[in-house]
Amino acid sequence: MHKYQPKTPLASIGDRLFRALMACALGIGWFVWLWGLRMSALAAGIAMGGLLWLFTRHFCKMYTTKKENLMRQMIGGELAVTNLLMMPTAVALKAVALWIEKKVSFAFERIEKNYAIGKSHGSLTVLILCAQHPSLPINVQQLIDIAREINQKEQVKLLLCSTAPFSSEASLWLENTALPIEVIRREDLIELAGLYSPASD
């Protein structure tokens, strides 16, 4: 989780000081170039530097807020996807159906066995969740077993969501299969889950 750690106070102060000095240097440089080296140019340059610093500060505040929101969504999404591993199948499927609803226009209808039934872009769609630890990649045989079961239904599209990465062989099989399968990988699932459950303090 080291990638989520904020800057140290010393680094933050150093960044603010550097931005203030750069803004003043740009302002002074601009007016010295226009008017020559005189007190009025220095005063106008400092004033312009102050305005540039205020603008930079406002921009950085907006950027920091946006970055913080994205970080909260990423952490919340990872926690939500990890929690799927311990949920009952029906509860996990309903949660995933909610997360992906807008991305794939999936309209949840009901739960059957270990999958969910719904509509996606007007087509009957089966939602299957491979709730597996990310240290264990999804293999080809798992995909074949899933496809065999779903292929018994006529005119059905398969929507496959996974909490674990796919092995290289499984990814190759997905690329070459003629079956109507749409895949939402772990990274996309984390992003979608984070929109609904961002981390809080």
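As the structure is a prediction and not an experimental result, all values here were calculated from the model. (Residues numbered from 1 in each chain as written. Predicted model: local features only at pLDDT ≥ 70, side-chain atom pairs only at ≥ 80, totals over all residues. Heavy atoms only, no water.)

Asker: Help me out: how do you make sense of the sheet that holds strand β1 (residues 106–112) in this one?
Answerer: Strands belonging to one sheet form pairs held by backbone hydrogen bonds; the direction of such a pair is parallel or antiparallel. The 5 strands are arranged β1-β2-β3-β4-β5 in an open sheet whose pairing can be described as mixed. The sheet terminates laterally at β1 and β5 (181–184), the two strands that pair on one side only. Strand-to-strand, the axes of this sheet are offset by a mean angle of 25°, without reference to chain direction. Where β1 lies against strand β2 (residues 115–120), 6 bridges are found, and the strand directions are antiparallel. Paired with R110 across the strands is I117, a residue of β2. (Pairing = 2+ DSSP bridges. Helix = DSSP H or I, 4+ residues; strand = E, 2+ residues; numbered from the N terminus. Axes fitted to C-alpha atoms, helices over the stretch in contact; angles between N-to-C directions.)

Asker: Would you take a moment to explain the pattern of salt bridges for this structure?
Answerer: Opposite charge on two side chains makes pairing possible when the charged atoms of those side chains draw close. Inspection of the entire model under this criterion finds 5 salt bridges. One salt bridge in this structure joins R110 and E112, with 2.8 Å as the shortest N-O distance. For R110, a relative accessible area of 39% puts it in the partly exposed group. One salt bridge in this structure joins E182 and K157, with 3.0 Å as the shortest N-O distance. Residue E182 is found in strand β5, and its partner K157 is found in strand β4 (residues 157–162); the two are separated by 25 residues along the sequence. Linked through salt bridges whose partners overlap, the residues forming this network are E109, R110 and E112. (Salt bridge = Lys/Arg side-chain N within 4 Å of Asp/Glu carboxyl O. Buried < 20%, exposed > 50% of the residue type's maximum accessible area, 1.4 Å probe, protein only.)

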